[in-house]
Structures are given as structure tokens and as C-alpha cells.
Amino acid sequence: MFPSDILPKVYPKEFDPQDKSEADDILNSNIFNVMLNRRSQRKFEDKEIEPWKLDIIFAAADTAPTAGGFQGFEIFHVTKSETKQQLVKGANNQPYVNAPLVLVFCINPARIKLKFDSTILHKFSIQDATLAAGYAQLAAHALALSSIWIGMINENMVKESIGTNLQPSSILCIGYPKKILLPKPKRNLTDLIHTI
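Here is a short report on the structure shown in this document. Throughout this document, residue positions are counted from 1 along each chain, in the order its sequence is written. At least 70 in pLDDT is required for a residue's local features to be given in this predicted model, at least 80 for side-chain atom pairs to be given and counted, and no such filter applies to totals for whole chains, interfaces and linings, which use all residues. Working from all heavy atoms in the structure, the side-chain values ignore hydrogens and water.

Right, let's get into the pairing of strand β2 (residues 101-107). Accessibility here uses a 1.4 Å probe with only protein chains present; expressed as a share of the type maximum, an area under 20% marks a residue as buried, one over 50% as exposed, and anything in between as partly exposed. Each helix is a run of DSSP H or I of at least 4 residues and each strand a run of E of at least 2, with the numbering of both proceeding from the N terminus. Most of β2 sits inside the fold, with seven of its seven residues counted as buried. Alternating positions in β2 separate into two faces, L101, L103, F105 and I107 on one and V102, V104 and C106 on the other, with burial throughout. In terms of strand pairing, strand β1 (residues 73-78) meets β2 through six bridges, oriented antiparallel. Of the residues in β2, the one forming a bridge with E74 is C106. Only strands joined by at least two bridges in the DSSP assignment are considered to pair. Two elements, β2 and strand β4 (residues 168-175), share six bridges in a ladder whose sense is antiparallel.

Following this line, the structure appears as C-alpha cells:
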């Protein structure tokens, strides 16, 4: 399976029910199963992620809803070990930032061509980047990968590490898990949902 094979499945123009491949089960994953079983993982195997899986993760981020459809964010795919080590320092010395796949999501309000105050565009951009990272995280789990979302970052150090002036919103670290972790219990829905 190569990226050129997978992209038509991720962005289907025409559906051919006879066209089956190893990615079909993944692309038809039950989204509720993916959400219910996802768990943050801090220990990854030293194993490279297949390029076609990267393409699915990137495509998932690209499909996230955004303000006006303008996609007010950028994704920095960090591949250099030296840069990953700099990001570890910029993420409060969290060692698992040095993962097989490291994605830095940055906001880019200039992409949002809506007539609102800059404060609103900034807020839209943060929401766009957050949704994109969330979609990428769910796609990773559907691909039998694990991830950890890093929000505690020194923005200036992260910007310097990846060479941008854009404000980073989060770092998503992805890899094959060393151990499968079970989901943690959550609040009862009656405690979470407030009906007005």
C-alpha cells in the first residue's frame, strides 16, 4: 500500500465496491469504537510508521471542520532528531515528545478570510488547529498507533525549534505503543451533561 493508493480511498471521487485492500478495514473503522478505546500513550516502540499511515493521519487533519472552511492552521511534521530534542526542552522536558511521529499544530489566523475582529479570528484559528489535532489523534488510534497530546509548551522555544513565527497550539506525538493501555473511566454522563 502506497500513498498514491490510499489517497483515492481517503478522498473518494467514485466508490467501487469491488475495490478492496488492506486499508479498507481501517478506513471503515467504527468511529465510536475508536473514540471509546483511545488512550494517551507515553511509551512508543522504536519503529517507523509506514508512509501510507502518515498519509491517512494527514488527510484526517485536513478533513477537520474549520471556521469558514479556511483552515486557519499549519502542521509542522518534525523528522529531525535534533529538532525533536529541542521540542522536548520546549515541552517542559517531557521525554516522550521524541516520538516516531511528531506533529506541531500552529495557528494561522491570516488564512481566515472572514470580516471579524482579529481577536475572533485568533480564537477561530485556535479552534481550527485543535480540531485538526484531534482528528489526527483519532486517525492514529484507528491505525493501531498511540499518541500523546502535549499542551504544556513554551511557545517561544517551540517556534524557534521549528523555525516559524506562528503560535503553536499543541504537539501531537504518535507511535506504536509499547503496551496497550485500557481507557480510563470517565465521568457519568449525568454529571457531564447540563440540560438547560
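Attention now goes to the packing of helix α4 (residues 51-62) against helix α6 (residues 118-142). Packing of α4 against α6 leaves a shortest axis separation of 7 Å and a crossing angle of 145°. Of the two possible hands of crossing, α4 and α6 adopt the one that is right-handed. Listed contacts from α6 to I56, I57, A60 and A61 of α4 are A132, Y135, A136, A139 and A140. Polar here means any residue outside two lists: the nonpolar Ala, Val, Leu, Ile, Met, Phe, Trp, Tyr, Cys and Pro, and the charged Asp, Glu, Lys and Arg; Gly therefore counts as polar. Taken together, the residues of the contact of α4 with α6 sort by class into nine nonpolar, no polar and no charged. To define axes, lines are fitted to C-alpha atoms, for helices over the stretch in contact only, and angles between the resulting N-to-C directions are given on a 0 to 180 degree scale. Note: crossing handedness is left-handed where the near helix turns anticlockwise from the far helix by less than a right angle, and right-handed where it turns clockwise. Note on contacts: a residue pair is in contact if any heavy atoms of the two residues lie within 4.5 Å.

Time to look at the nonpolar core. Grouped burial of nonpolar side chains is what soluble globular proteins tend to show. If you look at the biggest cluster of nonpolar residues, it comprises 24 residues, and the most contacted ones within it are I49, I57, L101, L103, F105, L145 and I174. Ignoring anything within four residues of it in the chain, the contact list for F105 reads A61, E74, I75, A129, A132, A133, A136, Q167, P168, S169, S170 and L172. In this text, buried Ala, Val, Leu, Ile, Met, Phe, Trp, Tyr and Cys residues form a nonpolar core when linked through side-chain atoms within 4.5 Å.

Moving on, we come to helix α5 (residues 81-90). The set of residues buried in α5 consists of T83, K84, L87, V88 and G90. Projection of α5 onto a plane perpendicular to its axis shows the buried side chains occupying an angular sector of 165°, all on one side. Of the residues in α5, the exposed ones pointing more than 90 degrees away from the buried face are E82 and K89. Check the buried side of α5 and you find it contacts β1, β2, α7 (155-162) and β4. Just past α5, the residue N92 takes up positive phi, approximately 60°. Directions drawn from the helix axis to the C-beta atoms are what define this arc.

Turning our eyes to something else, we now look at the packing of aromatic side chains. Pairing of aromatic side chains requires ring centres within 6.5 Å, counting the rings of Phe and Tyr and the six-membered ring of Trp. Pairs whose planes differ by under 30 degrees are stacked, by over 60 edge-to-face, and all others tilted. Taken as a whole and judged by the stated rule, the model has one aromatic pair. Ring centres 5.7 Å apart and planes at 90° place the aromatic pair F116 and F124 in the edge-to-face group. Between K47 and the ring centre of Y176, over which it is positioned, the NZ or CZ distance is 4.0 Å. A ring has a charge above it when a Lys NZ or an Arg CZ is no more than 6 Å from the ring centre and no more than 35 degrees off the ring normal.

Right, let's get into the sheet that holds strand β3 (residues 146-150). Spatial strand order, β1-β2-β4-β3: four strands in an open sheet with antiparallel pairing. Strands at the two margins of the open sheet, each flanked by one partner only, are β1 and β3. The average undirected angle you get between the axes of adjacent strands in this sheet is 20°. Of the strands in this sheet, β1, β2 and β4 are in contact with α4, which crosses β2 at around 15°. This element, α5, spans β1, β2 and β4 of the sheet and lies at about 60° to β2.

Glancing now at α6. Helix span, expected: 1.5 Å multiplied by one less than the number of residues in the helix. The end-to-end C-alpha distance of α6 is 36 Å, a good match for the 36 Å that 25 residues give at a rise of 1.5 Å each. All buried positions along α6 are accounted for by L121, S125, D128, A129, A132, A133, G134, A136, Q137, A139 and A140. Elements that come into contact with the buried residues of α6 comprise α4, β1, β2, β3 and β4. Of the residues flanking the start of α6, the one acting as N-cap is D117, its side-chain oxygen 2.8 Å from the backbone nitrogen of T119. Positive phi shows up at A144, right after α6, with a value of about 65°. Side-chain atoms alone can form a polar contact between residues adjacent in sequence; in general such a contact is a pair of N or O atoms within 3.5 Å, and within protein one must be able to donate a hydrogen while the other accepts it.

Scope: geometric values only; no functional claims are made or implied.
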